[in-house]
Amino acid sequence: QGRVYLVTGTHIRSRRKILLTFQDISALKETERIKKDLVANISHEIKTPLTAIKGYVETLLEDERDKTKKRYLSVIYRHVNRLSDIAEGLITLHELDVEQPFQEVPVNLRDVVRRVVELYRRQAEEKGLSLRASVHSDVEIITDPLKLEELLINLVDNAIRYTREGEVKISVCETEDDAVTLSVSDTGIGIAAEHIPRIFERFYVVDRSRSRETGGTGLGLSIVKHIVERLGGTISVESTPGVGSTFIVKLPGRRKIVRGSCAPHDDR
Ligand code: ADP
(Lines give C-alpha, C1' and ligand atoms only; values in the text may rest on other atoms or scores of the structure.)
Protein backbone atom coordinates (compact mmCIF):
# COMPACT_ATOMS: atom_id res chain seq x y z
CA GLN A 1 0.00 0.00 0.00
CA GLY A 2 1.38 3.39 -1.06
CA ARG A 3 4.57 1.76 -2.28
CA VAL A 4 5.96 2.04 -5.78
CA TYR A 5 7.48 -0.97 -7.50
CA LEU A 6 9.48 -1.22 -10.69
CA VAL A 7 8.57 -4.47 -12.40
CA THR A 8 10.95 -6.04 -14.90
CA GLY A 9 10.20 -9.18 -16.86
CA THR A 10 12.72 -11.66 -18.24
CA HIS A 11 11.74 -14.42 -20.60
CA ILE A 12 13.42 -17.72 -19.66
CA ARG A 13 13.28 -19.60 -22.92
CA SER A 14 14.52 -22.98 -21.69
CA ARG A 15 11.74 -23.19 -19.10
CA ARG A 16 9.17 -21.32 -21.17
CA LYS A 17 8.56 -19.03 -18.24
CA ILE A 18 8.72 -15.34 -17.48
CA LEU A 19 10.62 -14.19 -14.42
CA LEU A 20 9.18 -11.04 -12.87
CA THR A 21 11.40 -8.95 -10.60
CA PHE A 22 9.78 -6.42 -8.26
CA GLN A 23 12.01 -3.62 -7.08
CA ASP A 24 10.73 -1.30 -4.36
CA ILE A 25 11.52 2.23 -5.61
CA SER A 26 9.31 4.07 -3.07
CA ALA A 27 12.30 5.72 -1.38
CA LEU A 28 13.68 6.89 -4.72
CA LYS A 29 10.30 8.34 -5.71
CA GLU A 30 9.99 10.06 -2.35
CA THR A 31 13.45 11.66 -2.70
CA GLU A 32 12.49 12.81 -6.20
CA ARG A 33 9.27 14.34 -4.86
CA ILE A 34 11.10 16.13 -2.01
CA LYS A 35 13.61 17.55 -4.51
CA LYS A 36 10.88 18.80 -6.82
CA ASP A 37 8.89 20.30 -3.93
CA LEU A 38 12.00 22.05 -2.67
CA VAL A 39 12.67 23.68 -6.04
CA ALA A 40 9.02 24.76 -6.27
CA ASN A 41 9.02 26.15 -2.72
CA ILE A 42 12.19 28.16 -3.32
CA SER A 43 10.72 29.48 -6.55
CA HIS A 44 7.54 30.58 -4.76
CA GLU A 45 9.58 32.20 -1.99
CA ILE A 46 11.78 34.21 -4.34
CA LYS A 47 8.92 35.29 -6.58
CA THR A 48 7.40 37.67 -4.04
CA PRO A 49 10.56 39.69 -3.27
CA LEU A 50 11.42 39.74 -6.97
CA THR A 51 8.03 41.21 -7.80
CA ALA A 52 8.65 43.93 -5.20
CA ILE A 53 12.15 44.68 -6.55
CA LYS A 54 10.75 44.87 -10.08
CA GLY A 55 8.12 47.38 -9.01
CA TYR A 56 10.63 49.65 -7.30
CA VAL A 57 13.12 49.46 -10.17
CA GLU A 58 10.33 50.36 -12.60
CA THR A 59 9.47 53.46 -10.55
CA LEU A 60 13.13 54.48 -10.26
CA LEU A 61 13.59 54.01 -14.01
CA GLU A 62 10.66 56.27 -14.80
CA ASP A 63 11.96 59.08 -12.59
CA GLU A 64 15.68 58.81 -13.32
CA ARG A 65 17.18 61.55 -15.50
CA ASP A 66 20.86 60.59 -15.17
CA LYS A 67 21.79 58.51 -18.25
CA THR A 68 24.35 56.29 -16.51
CA LYS A 69 22.05 55.51 -13.58
CA LYS A 70 19.24 54.81 -16.02
CA ARG A 71 21.48 52.33 -17.84
CA TYR A 72 22.40 50.57 -14.59
CA LEU A 73 18.77 50.41 -13.57
CA SER A 74 17.87 48.90 -16.94
CA VAL A 75 20.47 46.19 -16.41
CA ILE A 76 19.05 45.45 -12.93
CA TYR A 77 15.56 45.39 -14.40
CA ARG A 78 16.56 42.93 -17.12
CA HIS A 79 18.21 40.58 -14.64
CA VAL A 80 15.34 40.73 -12.17
CA ASN A 81 12.95 39.97 -14.99
CA ARG A 82 15.01 36.97 -15.96
CA LEU A 83 15.07 35.63 -12.40
CA SER A 84 11.37 36.16 -12.19
CA ASP A 85 10.82 34.26 -15.46
CA ILE A 86 12.97 31.38 -14.16
CA ALA A 87 10.97 31.21 -10.91
CA GLU A 88 7.73 31.33 -12.89
CA GLY A 89 8.94 28.59 -15.26
CA LEU A 90 9.97 26.30 -12.40
CA ILE A 91 6.60 26.79 -10.71
CA THR A 92 4.81 25.93 -13.97
CA LEU A 93 6.94 22.80 -14.41
CA HIS A 94 6.20 21.73 -10.85
CA GLU A 95 2.47 22.18 -11.38
CA LEU A 96 2.70 20.05 -14.50
CA ASP A 97 4.76 17.45 -12.62
CA VAL A 98 2.40 17.04 -9.70
CA GLU A 99 -0.37 16.26 -12.12
CA GLN A 100 -2.71 19.06 -11.23
CA PRO A 101 -5.85 18.24 -13.23
CA PHE A 102 -6.21 19.68 -16.69
CA GLN A 103 -9.51 21.11 -17.86
CA GLU A 104 -11.39 19.09 -20.48
CA VAL A 105 -13.63 21.37 -22.47
CA PRO A 106 -14.35 21.84 -26.17
CA VAL A 107 -11.82 24.29 -27.53
CA ASN A 108 -11.91 25.98 -30.90
CA LEU A 109 -8.36 25.94 -32.21
CA ARG A 110 -8.98 28.94 -34.43
CA ASP A 111 -9.75 31.03 -31.32
CA VAL A 112 -6.63 29.89 -29.50
CA VAL A 113 -4.44 30.65 -32.51
CA ARG A 114 -6.07 34.05 -32.96
CA ARG A 115 -5.39 34.99 -29.33
CA VAL A 116 -1.73 34.00 -29.61
CA VAL A 117 -1.31 35.95 -32.87
CA GLU A 118 -2.86 39.02 -31.21
CA LEU A 119 -0.51 38.65 -28.27
CA TYR A 120 2.60 38.53 -30.45
CA ARG A 121 1.62 40.81 -33.33
CA ARG A 122 3.46 43.82 -31.93
CA GLN A 123 6.59 41.94 -30.97
CA ALA A 124 6.81 40.46 -34.48
CA GLU A 125 6.19 43.83 -36.12
CA GLU A 126 8.90 45.46 -34.02
CA LYS A 127 11.38 42.95 -35.42
CA GLY A 128 10.04 43.38 -38.94
CA LEU A 129 8.76 39.77 -39.02
CA SER A 130 5.58 38.60 -40.60
CA LEU A 131 3.43 36.58 -38.17
CA ARG A 132 0.82 34.49 -39.96
CA ALA A 133 -1.68 31.86 -39.04
CA SER A 134 -3.20 29.31 -41.31
CA VAL A 135 -6.00 27.23 -39.84
CA HIS A 136 -7.02 24.49 -42.26
CA SER A 137 -10.10 23.27 -40.48
CA ASP A 138 -12.66 24.40 -38.01
CA VAL A 139 -12.28 21.78 -35.36
CA GLU A 140 -12.96 21.80 -31.69
CA ILE A 141 -10.93 19.46 -29.59
CA ILE A 142 -11.57 18.45 -26.00
CA THR A 143 -8.64 19.91 -24.16
CA ASP A 144 -7.40 22.52 -21.70
CA PRO A 145 -7.52 25.90 -23.50
CA LEU A 146 -5.06 27.68 -21.21
CA LYS A 147 -2.50 24.91 -21.39
CA LEU A 148 -2.84 24.76 -25.16
CA GLU A 149 -2.36 28.51 -25.32
CA GLU A 150 0.69 28.30 -23.07
CA LEU A 151 2.19 25.65 -25.32
CA LEU A 152 1.66 27.77 -28.42
CA ILE A 153 2.91 30.93 -26.69
CA ASN A 154 6.19 29.22 -25.82
CA LEU A 155 6.70 28.00 -29.39
CA VAL A 156 5.81 31.35 -30.98
CA ASP A 157 7.92 33.24 -28.45
CA ASN A 158 10.93 31.10 -29.38
CA ALA A 159 10.22 31.38 -33.10
CA ILE A 160 10.22 35.19 -32.87
CA ARG A 161 13.25 35.36 -30.60
CA TYR A 162 15.37 33.11 -32.80
CA THR A 163 14.39 34.68 -36.13
CA ARG A 164 16.06 37.80 -37.49
CA GLU A 165 14.08 38.20 -40.69
CA GLY A 166 11.31 36.52 -42.60
CA GLU A 167 8.27 34.83 -41.23
CA VAL A 168 6.77 32.97 -38.30
CA LYS A 169 3.78 30.86 -39.17
CA ILE A 170 1.29 28.91 -37.06
CA SER A 171 -0.62 26.16 -38.89
CA VAL A 172 -3.39 23.89 -37.76
CA CYS A 173 -4.68 20.96 -39.75
CA GLU A 174 -6.27 17.58 -39.36
CA THR A 175 -4.37 14.44 -40.25
CA GLU A 176 -5.64 11.23 -41.75
CA ASP A 177 -5.38 9.34 -38.47
CA ASP A 178 -7.94 11.65 -36.87
CA ALA A 179 -5.41 13.74 -35.01
CA VAL A 180 -4.85 17.47 -35.09
CA THR A 181 -1.50 18.94 -35.98
CA LEU A 182 -0.36 22.32 -34.75
CA SER A 183 2.89 23.58 -36.13
CA VAL A 184 4.99 26.67 -35.61
CA SER A 185 7.57 27.35 -38.26
CA ASP A 186 10.11 30.11 -38.63
CA THR A 187 12.81 31.29 -40.98
CA GLY A 188 15.26 31.73 -38.13
CA ILE A 189 18.70 30.56 -37.09
CA GLY A 190 17.73 26.87 -36.93
CA ILE A 191 19.09 24.18 -34.62
CA ALA A 192 21.99 21.88 -35.44
CA ALA A 193 21.05 18.19 -35.48
CA GLU A 194 23.24 17.29 -32.49
CA HIS A 195 21.32 19.64 -30.20
CA ILE A 196 17.82 18.55 -31.16
CA PRO A 197 17.63 15.51 -28.83
CA ARG A 198 18.42 17.75 -25.84
CA ILE A 199 16.49 20.98 -26.40
CA PHE A 200 13.48 19.74 -24.39
CA GLU A 201 15.60 19.24 -21.26
CA ARG A 202 15.33 21.68 -18.40
CA PHE A 203 17.84 24.55 -18.74
CA TYR A 204 19.34 23.17 -21.94
CA VAL A 205 20.23 26.00 -24.28
CA VAL A 206 22.21 25.80 -27.51
CA ASP A 207 23.93 29.16 -27.16
CA ARG A 208 23.76 30.55 -23.62
CA SER A 209 24.62 34.13 -24.49
CA ARG A 210 22.11 34.29 -27.33
CA SER A 211 19.39 32.74 -25.18
CA ARG A 212 20.07 35.29 -22.38
CA GLU A 213 20.28 38.17 -24.79
CA THR A 214 16.82 37.36 -26.12
CA GLY A 215 15.33 36.83 -22.65
CA GLY A 216 15.39 33.03 -22.60
CA THR A 217 15.41 30.83 -19.49
CA GLY A 218 16.03 27.40 -21.01
CA LEU A 219 12.68 26.23 -19.60
CA GLY A 220 10.26 27.02 -22.43
CA LEU A 221 10.57 23.83 -24.44
CA SER A 222 10.61 21.72 -21.30
CA ILE A 223 7.24 23.24 -20.38
CA VAL A 224 6.01 22.62 -23.93
CA LYS A 225 7.01 18.95 -23.78
CA HIS A 226 5.32 18.44 -20.39
CA ILE A 227 2.09 20.01 -21.66
CA VAL A 228 2.13 17.96 -24.87
CA GLU A 229 2.62 14.77 -22.87
CA ARG A 230 -0.17 15.63 -20.46
CA LEU A 231 -2.44 16.26 -23.46
CA GLY A 232 -1.53 12.82 -24.78
CA GLY A 233 0.25 14.17 -27.84
CA THR A 234 3.70 14.14 -29.38
CA ILE A 235 6.12 16.83 -30.48
CA SER A 236 8.79 16.74 -33.16
CA VAL A 237 11.20 19.22 -34.69
CA GLU A 238 12.51 19.71 -38.18
CA SER A 239 15.29 22.24 -38.44
CA THR A 240 18.06 23.37 -40.73
CA PRO A 241 20.67 25.78 -39.39
CA GLY A 242 20.46 29.10 -41.17
CA VAL A 243 17.16 28.20 -42.82
CA GLY A 244 14.63 27.75 -40.03
CA SER A 245 12.76 25.42 -37.71
CA THR A 246 9.35 23.82 -37.52
CA PHE A 247 7.93 22.45 -34.27
CA ILE A 248 5.08 20.02 -34.91
CA VAL A 249 2.65 19.10 -32.16
CA LYS A 250 0.29 16.23 -32.82
CA LEU A 251 -2.72 15.96 -30.54
CA PRO A 252 -4.96 12.91 -30.34
CA GLY A 253 -8.39 12.85 -31.90
CA ARG A 254 -10.70 13.37 -28.91
CA ARG A 255 -12.41 16.11 -30.80
CA LYS A 256 -15.53 17.10 -32.57
CA ILE A 257 -15.67 18.74 -35.97
CA VAL A 258 -17.69 21.92 -36.06
CA ARG A 259 -17.81 22.81 -39.70
CA GLY A 260 -15.39 20.28 -41.06
CA SER A 261 -13.90 22.54 -43.68
CA CYS A 262 -10.53 21.47 -44.95
CA ALA A 263 -10.07 24.35 -47.33
CA PRO A 264 -7.00 26.44 -46.55
CA HIS A 265 -7.97 29.55 -44.68
CA ASP A 266 -5.67 32.37 -43.76
CA ASP A 267 -6.18 34.08 -40.43
CA ARG A 268 -4.13 37.20 -40.22
P1 ADP B 1 15.24 29.40 -24.17
O2 ADP B 1 14.54 30.09 -23.08
O3 ADP B 1 16.74 29.43 -24.05
O4 ADP B 1 14.78 29.80 -25.51
P5 ADP B 1 13.88 26.86 -24.61
O6 ADP B 1 13.69 25.72 -23.66
O7 ADP B 1 12.65 27.55 -25.07
O8 ADP B 1 14.90 27.84 -23.92
O9 ADP B 1 14.66 26.32 -25.87
C10 ADP B 1 15.87 25.58 -25.70
C11 ADP B 1 16.86 25.93 -26.77
O12 ADP B 1 16.38 25.46 -28.04
C13 ADP B 1 17.07 27.43 -26.97
O14 ADP B 1 18.06 27.92 -26.12
C15 ADP B 1 17.47 27.54 -28.43
O16 ADP B 1 18.84 27.32 -28.57
C17 ADP B 1 16.76 26.36 -29.08
N18 ADP B 1 15.52 26.79 -29.78
C19 ADP B 1 14.25 26.70 -29.34
N20 ADP B 1 13.38 27.15 -30.25
C21 ADP B 1 14.11 27.55 -31.32
C22 ADP B 1 13.80 28.10 -32.60
N23 ADP B 1 12.53 28.33 -32.98
N24 ADP B 1 14.82 28.39 -33.43
C25 ADP B 1 16.11 28.14 -33.08
N26 ADP B 1 16.47 27.62 -31.88
C27 ADP B 1 15.49 27.32 -31.01
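Residues numbered from 1 in each chain as written. Predicted model: local features only at pLDDT ≥ 70, side-chain atom pairs only at ≥ 80, totals over all residues. Heavy atoms only, no water.

- Within an unreviewed UniProt entry, the label attached to the protein reads histidine kinase, and the organism entered is Thermodesulforhabdus norvegica.

## Quick look at unusual backbone geometry
- Phi at R16 is positive, roughly 50°, even though this residue is not glycine.
- With respect to the helices and strands, R16 occurs in the loop between β1 (5–12) and β2 (17–24).
- Take R16: its relative accessible area is 76%, and that puts it in the exposed class.
- Unusually for a residue other than glycine, F203 sits at a positive phi of about 65°.
- Within the secondary structure, F203 is located in the loop between β7 (180–186) and α5 (208–213).
- For F203, a relative accessible area of 36% gives the class partly exposed. (Helix = DSSP H or I, 4+ residues; strand = E, 2+ residues; numbered from the N terminus. Buried < 20%, exposed > 50% of the residue type's maximum accessible area, 1.4 Å probe, protein only.)

## Focus on the side chain of S134
- If you trace the backbone, S134 turns up in strand β4 (residues 130–135).
- In terms of polar contacts, S134 uses its side chain to reach the side chain of H136, at 2.9 Å. (Polar contact = N/O pair within 3.5 Å; in protein donor to acceptor, adjacent residues only side chain to side chain.)

## Let's talk about the nonpolar core
- Counting residues in each nonpolar core, the largest one holds 49 residues, and the members touching the most others are L148, L151 and F247.
- Not counting the four nearest positions on each side in its chain, F247 is found in contact with L155, L182, S183, V184, I191, I199, F200, L221, I235, S236 and V237. (Core = buried A, V, L, I, M, F, W, Y, C linked by side-chain atoms within 4.5 Å. Contact = heavy atoms within 4.5 Å.)

## Here we look at the site of the ligand
- Neighbouring residues of the ligand: 21 residues in total, closest R161, Y162, S211, T217 and G218.
- Taking Y162, its side chain carries an N or O atom lying 2.7 Å from an oxygen atom of the ligand.
- Within the side chain of D186, a nitrogen or oxygen atom sits 2.9 Å from a nitrogen atom of the ligand.
- When isolated, the ligand has an accessible area of 530 Å², and the protein chains bury 97% of it.
- Mapping the ligand onto the cavity grids shows that it belongs to the largest pocket.
- Listing elements by their share of the shell around the ligand, those giving two or more residues are α4 (145–161), α6 (220–230) and β9 (244–251).
- Here the element with the most residues in the shell around the ligand is α4; it accounts for 3 residues. (Near = heavy atom within 4 Å. Areas by Shrake-Rupley, 256 points an atom, 1.4 Å probe, with all protein chains shown as cover. 1 Å grid on protein atoms, 1.4 Å probe; cavity = no way out; pocket = protein on both sides within 12 Å on 5 of 7 lines; lining within 4 Å. Sits in = over half its atoms within 2 Å of the grid points.)

## Some points on the pattern of salt bridges
- A complete count under the given rule lists 14 salt bridges for this structure.
- D37 is the partner of R33 in a salt bridge, and the nearest nitrogen-oxygen pair spans 2.7 Å. Taken as a pair, R33 and D37 lie in helix α1 (residues 26–63) at a separation of 4 residues, close to a single helical turn.
- The exposure class of R33 is partly exposed, given its relative accessible area of 41%.
- Given a relative accessible area of 21%, D37 falls into the partly exposed group.
- Between R122 and E126 there is a salt bridge, with its nearest N and O atoms 3.4 Å apart. Taken together, the residues span about one helical turn, with R122 and E126 both in helix α3 (residues 109–126) at a distance of 4 residues.
- According to the relative accessible area criterion, R122 is exposed, its value standing at 61%.
- Residues participating in the shared-partner salt-bridge network are E30, R33 and D37. (Salt bridge = Lys/Arg side-chain N within 4 Å of Asp/Glu carboxyl O.)

## Regarding helix α2 (residues 67–97)
- Under the 1.5 Å per step criterion, the end-to-end length of α2 is 45 Å for 31 residues, consistent within 8% with the ideal 45 Å.
- Between the side-chain oxygen at the start of α2 and the backbone nitrogen of T68 there is a gap of 2.9 Å, and the oxygen is on D66.
- Among the residues trailing α2, E99 stands out with phi positive, at a value near 55°. (Expected span 1.5 Å × (residues − 1).)

## Focus on the packing of α3 against α4
- Here α3 crosses α4 at 35°, and the two axes come no closer than 10 Å. Note on packing geometry: the crossing formed by α3 with α4 is right-handed. In this structure, α3 uses L109, V112, V113, R115, V116, L119, Y120, Q123 and A124 to contact α4, whose residues at the interface are L148, E149, L152, I153, V156, D157 and I160.
- Of the residues that constitute the contact of α3 with α4, the class distribution is 12 nonpolar, 1 polar and 3 charged. (Axes fitted to C-alpha atoms, helices over the stretch in contact; angles between N-to-C directions. Left-handed = near helix turned anticlockwise from the far one by under 90°. Nonpolar A, V, L, I, M, F, W, Y, C, P; charged D, E, K, R; others polar.)

## Notes on the environment of I196
- Take I196: it is sitting in the loop between β7 and α5.
- Residues I196 and S239, 43 residues apart in the sequence, show an inter-C-alpha distance of 8.5 Å.
- Setting aside its immediate chain neighbours within four residues, I196 contacts I191, V237 and S239.

## So, the layout of surface pockets
- In this structure, the largest pocket encloses a volume near 960 Å³.
- N154, D157, N158, R161 and G220 are the residues nearest the centre of the largest pocket, which is lined by 40 residues in total.
- For the lining of the largest pocket, the secondary-structure elements that each account for two or more residues are α2, α4, α5, α6 and β9.
- With 8 residues, α4 is the largest single contributor of residues to the lining of the largest pocket.
- Partitioning the lining of the largest pocket into residue classes produces 17 nonpolar, 14 polar and 9 charged. (Points joined across faces, edges and corners; volume = space filled by probe spheres on them.)

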